[in-house]
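One-letter residues, chain by chain:
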Amino acid sequence: MNTQQLECFVRVAEKLNFTKAAEELYISTPAVTHHIKNLEEELNSTLFIRTSKMVKLTETGVLFYGEAKGILQKMVMAEKKVKKIASQNLAILRIGCSSQVELKTLEQPLKQLKEHIPDVFPQVIIQDYFSLKSLFDNEQLDVLIGTKEMIAKVHNCIFKKVKTVESYAIVSENSMLAQEKSISFKKMSEVPLIALHPRCIPFQYGNKLQEFITLHAQQYLHFLCENDQSAILLAKCNYGVAILPEIYIPAHREGIVVLPFAEELKAIEYGIAYHKNLKEKHIKQFIKLFSESEKI
């Protein structure tokens, strides 16, 4: 499948006429027919009903039209964006993080970066840590906000710790545990636990809390969530106790109670990772500003 096939399909779908579509695309009618035929063969679906008197979209064609139109529009927007960046000589800053909650930590350094270096175009990518690690390792991200474990085994990079973070238990304000000052493994031993999927948070060997979660999952009810927001939602609705690092806990805590652990746990190193031999001024400045804002 290529863009010319999609363009031919969209024009024919809109005009319901192969000849008119060919005229708008400045190609021959047989060429349009050829592209549509190849597209239908690739999709293994008939997109048009064609007779000597009419052209009509099939049900599959109607569904595919929306998708094809969207793809072409995104390509046009991407081309315009790239040309705009090139014409204005903007520097791109690609930032990766694993939670929407972390966007708050980017606000101050990005504001300051705009003041120091106006010609920067930031792109913020929110993905699970496994995807972020892959993007960062392939140099499709300039910086990665997260824990030291997230960039384990990534080559030619530097991790700058800006603080240590603790893990907390999150319970509903209606939970029997909501009145506790702290929570122990013993108190959680027979209650449902809500944890993040392993691809959302790297496992720390020697971390007693994660080892407890692993053992608990083998014997009792256990929820695995695809993101921190769903984990907090389940805890808020009293499905169990959610366990999250503090970086994922929102400032607005209506309906939930955040409890520290009674046990002494291994702290998590949180900071910013970047590639070695860094030369770009705007990336260096952002790293400096982010580090300073998080230490305040």
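A brief report on the enclosed structure follows. What you are looking at is a predicted structure, and each value in this text was computed from that prediction instead of being measured. (Residues numbered from 1 in each chain as written. Predicted model: local features only at pLDDT ≥ 70, side-chain atom pairs only at ≥ 80, totals over all residues. Heavy atoms only, no water.)

### A word on the sheet that holds strand S4 (residues 120-126)
Here comes step 1: Taking strand neighbours across the sheet as the criterion, the five strands line up as S4-S3-S5-S12-S6 in an open arrangement whose pairing is mixed. Among the strands making up the open sheet, the edge pair consists of S4 and strand S6 (157-165). When strand polarity is set aside, the average angle formed by the axes of neighbouring strands in this sheet is 20°.
Here comes step 2: Contacts from helix H5 (residues 103-116) reach strand S3 (91-97), S4, strand S5 (143-147) and strand S12 (268-275), with the element oriented near 165° to S3. (Pairing = 2+ DSSP bridges. Helix = DSSP H or I, 4+ residues; strand = E, 2+ residues; numbered from the N terminus. Axes fitted to C-alpha atoms, helices over the stretch in contact; angles between N-to-C directions. Contact = heavy atoms within 4.5 Å.)

### Side note on the pattern of salt bridges
Should the charged atoms of two oppositely charged side chains come close, the side chains can pair.
Here comes step 1: Scanning the entire structure with this criterion turns up ten salt bridges.
Here comes step 2: The salt bridge partner of Glu-14 is Lys-69, with a shortest N-O separation of 2.7 Å. Of the two residues, Glu-14 is situated in helix H1 (residues 3-15) and Lys-69 in helix H4 (residues 59-88); the sequence distance between them amounts to 55 residues.
Here comes step 3: For Glu-14, a relative accessible area of 38% translates into the label partly exposed.
Here comes step 4: Lys-288 is paired through a salt bridge with Glu-292; the nearest N and O atoms lie 2.9 Å apart. Taken as a pair, Lys-288 and Glu-292 lie in helix H10 (residues 281-295) at a separation of four residues, close to a single helical turn. (Salt bridge = Lys/Arg side-chain N within 4 Å of Asp/Glu carboxyl O. Buried < 20%, exposed > 50% of the residue type's maximum accessible area, 1.4 Å probe, protein only.)

### Description of the sheet that holds strand S11 (residues 256-259)
To summarise the sheet geometry, strands pair through backbone hydrogen bonds and adopt either a parallel or an antiparallel arrangement.
Here comes step 1: In spatial order, the strands read S9-S8-S10-S7-S11; together these five strands make up an open sheet with mixed pairing. Of all strands in the sheet, those with a lone pairing partner are strand S9 (222-225) and S11, marking the two edges. Taking each pair of neighbouring strands and ignoring which way they run, the sheet shows an average axis angle of 30°.
Here comes step 2: Where strand S7 (residues 167-172) lies against strand S10 (residues 241-245), four bridges are found, and the strand directions are antiparallel. Within the sheet, the bridge partner assigned to Ser-167 lies in S10 and is Pro-245.
Here comes step 3: Most of the contacts of helix H8 (residues 208-217) go to strand S8 (residues 193-196), to which it runs at about 120°, and overall it touches S7, S8, S9 and S10.

### Looking at the packing of H1 against helix H3 (residues 29-43)
Here comes step 1: Where H1 meets H3, the closest approach of the two axes is 9 Å, and the angle between their N-to-C directions is 105°. Our classification of the angle between H1 and H3 gives roughly perpendicular. Each of Gln-4, Gln-5, Cys-8, Phe-9 and Val-12 in H1 lies in contact with H3, whose residues at this interface are Val-32, His-35, Ile-36, Asn-38, Leu-39 and Glu-42. (Parallel < 35°, antiparallel > 145°, perpendicular 65-115°, else oblique.)

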